[in-house]
Amino acid sequence: MSLKSKSNTITILIHVLIWVVFGLLLFFYQPLSWNVEIPYQFWVKQAVTLFILVAAYYFNSKLLVPRFLLHDRIGMYFMAVVGVVIVFLMLNSWADKVLHMHEHMEAVFHRQHRPPKPRDRGGWDFLVPLS
C-alpha cells in the first residue's frame, strides 16, 4: 500500500470516527437525561438531522471553501453558507412536520404527567433565582 493510499485511508477512518462520536452524542445525550420513553420518530429525526449535518459539512468543505473562500470571494462564501443554513433549517422543519414531532413529544410529556424540562440557560443559572 502506498503512502498516499495509507494517508487517504487514515483520513477516511478519522472522518468516520468523528461522525460516529458526533452521532452518538446527537442520538443519546438528550433522551437519557429526560427519563421518558421516546417515540421512534424522535430517532428518525435525529438520523435525518445527522445526515443533513454531514451533507452540509462536506458540501462546505469540498465545494464552498475551495470555490469561494480560497479564492478570496468571501462575500459569495458568506452568502452560500447562509443559504446552507437556511436549507438546513427548512429541511429540519420539514422533518418535524412529516414526523409529527410536536404531537409525539407533547404526548410523551403529558403521558408522564409532568411539564417538559426547562431549557438550559447556558451555564448562567447562578444569575437567575430559583423558583
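All values derive from a computational prediction rather than experimental measurement.

Quick notes on the rules
Residues numbered from 1 in each chain as written. Predicted model: local features only at pLDDT ≥ 70, side-chain atom pairs only at ≥ 80, totals over all residues. Heavy atoms only, no water. Helix = DSSP H or I, 4+ residues; strand = E, 2+ residues; numbered from the N terminus. Expected span 1.5 Å × (residues − 1). Bend = angle between axes of the 7 residues up to and from the residue. Buried < 20%, exposed > 50% of the residue type's maximum accessible area, 1.4 Å probe, protein only. Phe/Tyr/Trp six-rings, centres within 6.5 Å; stacked < 30°, edge-to-face > 60°. Salt bridge = Lys/Arg side-chain N within 4 Å of Asp/Glu carboxyl O.

Novice: It is not clear to me how helix α2 (residues 40–67) should be interpreted in this structure. Could you clarify?
Specialist: Two residues of an α-helix separated by three or four positions point the same way, owing to the 3.6 residues in each turn. The terminal C-alpha atoms of α2, which comprises 28 residues, lie 40 Å apart, in line with the 40 Å expected from a rise of 1.5 Å per residue. Asn60 marks where α2 bends most, by close to 40 degrees. Of all the positions in α2, only Gln41, Phe42, Lys45, Gln46, Thr49, Leu50, Ile52, Leu64 and Val65 are classed as buried.

Novice: Mind showing me how you'd approach the packing of aromatic side chains here?
Specialist: For any pair of aromatic rings, the description consists of the separation of the ring centres together with the inter-plane angle of the planes. Going through the model one piece at a time under the given rule, you end up with four aromatic pairs. Summarising the aromatic geometry, the rings of Trp19 and Tyr57 are spaced 5.6 Å apart at their centres and angled 70 degrees between planes, so their arrangement reads as edge-to-face. Of this pair, Trp19 sits in helix α1 (residues 3–34) while Tyr57 sits in helix α2, and the two are 38 residues apart along the sequence. On the accessibility criterion, Tyr57 (38% relative accessible area) is partly exposed.

Novice: Explanation requested: unusual backbone geometry in the structure shown.
Specialist: For residues that are not glycine, phi is negative in most cases, and the peptide bond is trans in most cases. Of note, Asp72 is a non-glycine position whose phi angle comes to about 55 degrees, a positive value. A positive phi angle, close to 55 degrees, is found at His100, a residue other than glycine.

Novice: Quick question: what am I supposed to make of the pattern of salt bridges here?
Specialist: Taken as a whole and assessed by the stated rule, the structure comprises one salt bridge. Between Lys45 and Asp96 there is a salt bridge; the shortest N-O distance is 2.9 Å. Of this pair, Lys45 sits in helix α2 while Asp96 sits in helix α3 (residues 74–99); the two residues are 51 residues apart in sequence, bridging distant segments of the chain. With a relative accessible area of 10%, Lys45 lands in the buried category.

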